[in-house]
Amino acid sequence: MIELIEETAEATSIVLDLPDRQRHRAGQHVDVRLTAEDGYEAQRSYSIASAPEDAYLVLTVERLDDGEVSPYLVDTLRPGDELELRGPIGGYFVWEEVLGGPLLLVAGGSGVVPLRAMLRHHQAVGSTIPVRLLYSVKSLDDVIYRDELMGMAADDEIDVRLTLTREQPEGWRGYARRIDQELLADVAWPPSEGPLTYVCGPTSFVEVAANALVGLGHDPGRIRTERFGPTGG
Amino acid sequence: MSPLSRAFRGRRRSDADPARIPPGQYVTDDFPVLSAGPTPHRPLETWSFTIQGSIDEPVSWTWEQLQALPSETITTDIHCVTKWSKLDTVWTGVSLDTLLDDVETSAEYVTAFSDGGYTTNLPLEDATGGKAWIAYAFDGEPLAPEHGGPARLLVPHLYFWKSAKWVRGLELRNEDEPGFWESYGYHNYGDPWREQRYAGD
C-alpha cells in the first residue's frame, strides 16, 4: 500500500502498487483477505476505483463502524504494509467501449466507485460514447471524487448530475430528493436510444432505480446492477 | 499460506458455531441481495414451473398446482460467494424430488432458468436426494421479489448463486453447460466447504 486518500468523512481511497498486476476491466472488484497472527482470516470484496490504464490500483472503501475489514483498511493499514488481494473478479458489471452506449451510470452513495472506474476508462481510451452519470448522495460533502467528477463534466461526452438527498448548499439548483421515476425520466436517455445502464448502490437504491427504469420502458436486459447489502462493504 | 496482516485481530463472533461457517465466510443477521439486473415482477397468474430438456414430454405446474403439492419447511444455513453466511434460515417449498419423481431421464445435469434470463447449472444428483427445493416462503412469509419471489431454487449446500431467484424451470441436460455467473468466472460447482468461489479454485 502506498497511499491513503481521504475522499470524504466516510470514504477513503487505498492506493496499491501490485507486483504482477493483472489488467482489470472497469467495474470489476477484488477480494481483500486479512490474516491474523493465529490464522484467523476475514475476506471482503471491494470495487476497483481506478481505470485499467491507471498507474496504480485504487480501492475506495467506505468505513463501516461495525465492520471487520473496512475499519482495519482505513485506520490501521499504513503505507508500506502489504495487502493480500484476489482478482480482478466479475465479468458482467463491466464496461468497455465495444459494449457501446449511450451510457447511463446511476450511483447511490459509495456505489459510485466502480462507475468512476468506467468514467476514467472512458476518458483514458478517448471514447466518444456519450455518458450520463446520476449520483445520489446525502450532501455535497459526501460526494466522492467531487473535483474529479466536476472536471469530467467539462468533457463534452460526459454529463454529471447530482441529487443531494439530505442537505443542500444555499442556492442549490440541482435535484434535492431521492431518485424516483420522474427524476430518472429527466436524466436518463430515452429508451428508444437503447442506452446501456449500470446501477450501483445499496440494495434499496438499486431496486428503486432499476424498477423505475424498467417502468419507463428501458430494456431490463440492458440494465446491469450491483447491490451493496447492508453488510456488503 | 497467506501473509499476516500487521495488527489485524478481527471481530469474531462468539455466538456462532465455527464448525458451521465455511472457510472465508462471516455470519450476518441481515439478508443481503445480489442480482445482476432489475428484479422481475412476475404475476402469479402467469407463473409456471417447467421441467424440460432430456425428457419425453416437458412437464409444467401452475402456481396453484405447485401450492397443492406437499410442502416442506426447511431450516438451513446459506452461504453467499460474497462472503456472508446466514444461519438457521427458514424456507417453505416443494422438494425437487417431488417434482422429479415421475420424470424419466438420462440427464446428469440440470440448468435452472429464471425470469430475467438468469441461469445456473448443477449436477442432477445435487438437485435430488432431499438437497434442493422450489422455495416460495421465507420465515413463513411469501418470498419477496428482491429475494427471488415468487419462487426461487433453494440448494443450500452450494454457494447461494446456485439457488436461482425467480426460477421458472429446469432444463435436464446430458452435458454440463455453465450458467450465468459460471460463465463470468465463478466456479462451476461452488462448494462453500471447499471454498470453490471462482474458476480454478
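Residues numbered from 1 in each chain as written. Chains lettered and ligands numbered in written order. Predicted model: local features only at pLDDT ≥ 70, side-chain atom pairs only at ≥ 80, totals over all residues. Heavy atoms only, no water.

Enquirer: Pulling in residues and values, what's your account of the overall build of chain B?
Expert: In terms of helices and strands, chain B carries four helices and eleven strands. With respect to the three principal axes, the spread of C-alpha positions in chain B is 60 × 35 × 30 Å. The buried share of chain B, taken over its 201 residues, is 54%. Long-range pairs, those at least 24 residues apart, make up 66% of the contacts in chain B between residues at least 6 apart in sequence. (Helix = DSSP H or I, 4+ residues; strand = E, 2+ residues; numbered from the N terminus. Buried < 20%, exposed > 50% of the residue type's maximum accessible area, 1.4 Å probe, protein only. Contact = heavy atoms within 4.5 Å.)

Enquirer: I'd like to hear about the interface of chain A and chain B, residue by residue, with values.
Expert: Contacts between chain A and chain B engage 42 residues on the former and 33 residues on the latter. The junction of chain A with chain B conceals about 3,300 Å² of combined surface from both sides, 50% of it contributed by carbon and sulfur atoms. At the junction of chain A with chain B, the criterion picks out three salt bridges. A salt bridge links D81 of chain A to R6 of chain B, with the nearest nitrogen and oxygen atoms 2.6 Å apart. (Buried area = accessible area lost by both parts, 1.4 Å probe. Salt bridge = Lys/Arg side-chain N within 4 Å of Asp/Glu carboxyl O.)

Enquirer: Would you mind going over the packing of aromatic side chains in detail, with residue names and values included?
Expert: In this description, an aromatic ring pair is defined by two values, namely the gap between the centres and the angle between the planes. For the structure shown, the criterion picks out 19 aromatic pairs over all chains. Taking 5.7 Å as the distance between ring centres and 50° as the angle between the ring planes, the aromatic pair formed by Y118 of chain B and F180 of chain B counts as tilted. Linking Y118 of chain B in the loop between β6 (109–114) and β7 (119–123) with F180 of chain B in helix α4 (residues 180–183), this pair joins segments that are 62 residues apart in sequence. Members of the aromatic cluster, joined through ring pairs, are Y92 of chain A together with Y118, Y159, W161, F180, W181, Y184, Y186 and Y198 of chain B. Here R44 of chain A stacks its cationic end above the ring of Y26 of chain B, 3.6 Å away from the centre of that ring. Taking the ring centre of W189 of chain A as reference, the NZ or CZ of R132 of chain A above it sits at 3.6 Å. (Phe/Tyr/Trp six-rings, centres within 6.5 Å; stacked < 30°, edge-to-face > 60°. Lys NZ or Arg CZ within 6 Å of the ring centre and 35° of its normal.)

Enquirer: Can you tell me about the sheet that holds strand β3 (residues 29–35) of chain A, naming the residues and giving the values?
Expert: All names here are of chain A. Pairing in this open sheet of three strands is antiparallel, and the strands run β4-β3-β6 from one edge to the other. The strands lining the two open edges of the sheet, one partner per strand, are β4 (41–47) and β6 (84–89). Each strand of the sheet is rotated relative to its neighbour by a mean of 20°, with strand direction disregarded. As judged from the seven bridges shared by β3 and β4, these two strands associate in the antiparallel manner. Across the sheet, residue V30 finds its bridge partner in β4, namely Y46. (Pairing = 2+ DSSP bridges. Axes fitted to C-alpha atoms, helices over the stretch in contact; angles between N-to-C directions.)

Enquirer: Describe in detail the sheet that holds strand β5 (residues 57–62) of chain A, supporting the description with residues and values.
Expert: Residue and element names in this part refer to chain A. As summarised here, the arrangement of the three strands in space is β1-β2-β5, forming an open sheet in which the pairing is antiparallel. Every interior strand has two partners, whereas the edge strands, β1 (3–6) and β5, have only one. Here the average twist between neighbouring strands, direction ignored, is 25°. Where β1 lies against strand β2 (residues 11–16), four bridges are found, and the strand directions are antiparallel. Among the inter-strand pairings, L4 is bridged to a residue of β2, identified as I14.

Enquirer: Tell me about the domain arrangement of chain A, and please be specific about residues and values.
Expert: All names here are of chain A. According to the domain assignment, chain A consists of domain 1 (3–89) and domain 2 (97–228). Here the C-alpha centroids of domain 1 and domain 2 sit 24 Å apart. Facing the 17 residues of domain 1 at the interface are 18 residues of domain 2. Taken together, domain 1 and domain 2 are joined by two salt bridges. K138 is paired through a salt bridge with E10; the nearest N and O atoms lie 3.4 Å apart. At the junction of domain 1 with domain 2, the criterion picks out six residue pairs in polar contact (both at pLDDT 80 or more). (Domains from an automatic or database assignment. Polar contact = N/O pair within 3.5 Å; in protein donor to acceptor, adjacent residues only side chain to side chain.)

Enquirer: An account of the environment of L73 of chain A is needed here, citing residue identities and associated values.
Expert: All names here are of chain A. Along the chain, L73 falls in helix α1 (residues 70–76). Sequence-wise, L73 and V32 are 41 residues apart; in three dimensions their C-alpha atoms are separated by 9.7 Å. Aside from chain neighbours lying at most four places away, what touches L73 is L4, I14, V32, L34, Y46, V61 and L83.

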